[in-house]
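# Descriptive structure summary
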Amino acid sequence: MSELKEELKAKIIEQLNLEDVSVEEIADDDALFGDGLGLDSIDALELIVMLDKDYGIRLSDPKEGRKIFESVQVMADYIDANRTK
Amino acid sequence: MKKVYINSIASISPQKTFENASFLDDIIEYNETVISAFDPNYKEHIPPAAARRMAKGIKMGVVASKLAMKEAGIGTVDAIITGTGMGCMIDSEKFVSAIIDNNEQYLTPTSFIQSTHNTVAGQIALGMECKAYNFTYVHAAISFESALLDAKMQLENDEANNILVGGVEELGAHTTDVHRVINHIKPEAVTISEVLNSNTEGAVFSEGANFFVVSNDRKESSYAELLAVETYNTLEKDKVSEAIKSVLKENNLKPEDLDVVVLGNNGDVEFDGYYNQLSKNIFKNTKQVYYKHLVGENNTVSAFGVWLASKIIKTQQIPAMVNLNDIEATEPNIILCYNQYRGENHSLVLLKKC
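This is a predicted model, so every value here is computed, not measured.

In this section: helix 1 (residues 2-15) of chain A. All names here are of chain A. Compared with the 20 Å implied by 1.5 Å per residue over 14 residues, the 20 Å span of helix 1 between its first and last C-alpha is a close match. All of the buried residues along helix 1 are Lys5, Leu8, Lys9 and Ile12. Down the axis of helix 1, the smallest arc covering the buried residues is 100°, so these residues share one side. Facing away from the buried side of helix 1, by more than 90 degrees, are the exposed residues Glu3 and Glu14. The secondary structure elements touched by the buried residues of helix 1 are helix 4 (72-82). Count one or two residues on from helix 1 and you reach Asn17, which has phi positive near 55°.

Set out below in structure tokens:
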């Protein structure tokens, strides 16, 4: 699980071009949207594609993302329970 | 009709031009076939949250426009008009590559959103919260001049008072490779002093952004009056002189009235003849300057020619590095810029001291 969380942090930084953020600066429970990393709706779409491409998880309802992308910890838990690859 | 003035200029190019206080007095010597823009510190001008999705072309356009707006001393404009021949190449290549690599699956929105030709004008408008006329001309080597002509007509008819106009191009790796394959890029690296004597096909490719605030309100700080903008998609080589004389005549001028002519020679042995015939004939007694040896070739680099002409008129100085002949121009007040690319898309921009 710890490995998955580190992997997710690195992917979030790379795919969302968070140039000034390092893996160490993202705590497992930091909010990804709003006051935390400050991600927005376009980032949410990027994360939905990432779940599908890298972990074989296709969200049928994009609104599910609101809960799943709450933090790296929540994302990792969801991926661990639902991944198909 | 109202007169039109260039009230501010800003350039991001392969030379150190973004600091407008200097004027080509610290030249970067290249020995390349492709040259990138010399970057300002984009973080000083664009908030990190906005910059993270911007490819280089967007950053160059946004920062050049901010510099132009700052010099003009205005917070907003009545129109934002850009020209770009190739648009946002980096994100276009990224998006198309993703389609191919992922078998048309897993397409993400960012590179698609940022890949359109009008992204730069859109981002500039978002940045200054400007909901006015926003237009992007995509017309190869006359993209910038098309934008400038639109602005000029709006200002002459008093439909607008201040308009931000610019040209922007960015280098994309794949597109550059394609241009190399079809010999539009020089086969061997060439120094800036040897570009015109390279005797090879193709040009040194480049990128950059040049922006201007044009207005029908003349200021003490104005650079020049914009007398004429003419574009020609096709123009036979032996008709160029006639076209120039015709434009000059419409402005009650003759070739000998020009103090300086800014030519777009890029060292392509196939097409520099368009300029050389002028140098040897109608402009043989006129001061000639050129600039593509310093900043390379791209679809809107002719905007750099207008930047150069504006700067010459305002400073009344001609940097030695742009001299194409030895004729002195003691008072450079009337300047004509002529450009073409590969024998097509010719443009004439006529400026006068104001």
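Text resumes after the structure shown.
Let's shift gears to the UniProt feature "domain: Carrier" (unreviewed entry) in chain A. Mapped onto this structure's residue numbering, the UniProt feature "domain: Carrier" (unreviewed entry) falls at residues 2-83 of chain A. A helix fraction of 54% and a strand fraction of 0% characterise residues 2-83 of chain A, whose end C-alpha atoms lie 16 Å from each other.

Our next topic: the sheet that holds strand 6 (residues 162-169) of chain B. All names here are of chain B. With mixed pairing, the 10 strands of this open sheet are ordered in space as 5-4-6-9-1-10-14-13-11-12. Here the strands that pair on one side only, and so sit at the sheet edges, are strand 5 (133-137) and strand 12 (287-290). Strand-to-strand twist in this sheet, taken as the mean axis angle between neighbours without regard to direction, amounts to 20°. As defined by bridge partners, strand 4 (residues 79-83) adjoins strand 6 across five bridges and the pair is classed as parallel. Its bridge partner lying in strand 6, Ile81 is registered against Val165. In this fold helix 11 (residues 302-315) packs onto strand 1 (5-12), strand 6, strand 9 (208-215), strand 10 (224-234), strand 11 (260-263), strand 12, strand 13 (334-341) and strand 14 (344-352), with an angle of close to 170° to the strand it touches most, strand 13.

Further remarks concern unusual backbone geometry. Residues and elements named next belong to chain B. Residues other than glycine seldom take positive phi values, yet Asn199 does so here, at roughly 60°. Of note, Asn199 is situated in the loop between strand 7 (190-191) and strand 8 (205-206). We classify Asn199 as exposed; it has 9 C-beta atoms within 10 Å. Look at Asn252: it is not a glycine, yet its phi comes out positive at around 55°. Mapped onto the fold, Asn252 is located in the loop between helix 8 (240-250) and strand 11.

Procedures and definitions
Residues numbered from 1 in each chain as written. Chains lettered and ligands numbered in written order. Predicted model: local features only at pLDDT ≥ 70, side-chain atom pairs only at ≥ 80, totals over all residues. Helix = DSSP H or I, 4+ residues; strand = E, 2+ residues; numbered from the N terminus. Expected span 1.5 Å × (residues − 1). Buried ≥ 20, exposed ≤ 12 C-beta atoms within 10 Å, placed from the backbone. Arc of directions from axis to C-beta. Contact = placed C-beta atoms within 7 Å. UniProt positions renumbered as here; feature names shortened; annotations may be inferred. Pairing = 2+ DSSP bridges. Axes fitted to C-alpha atoms, helices over the stretch in contact; angles between N-to-C directions.

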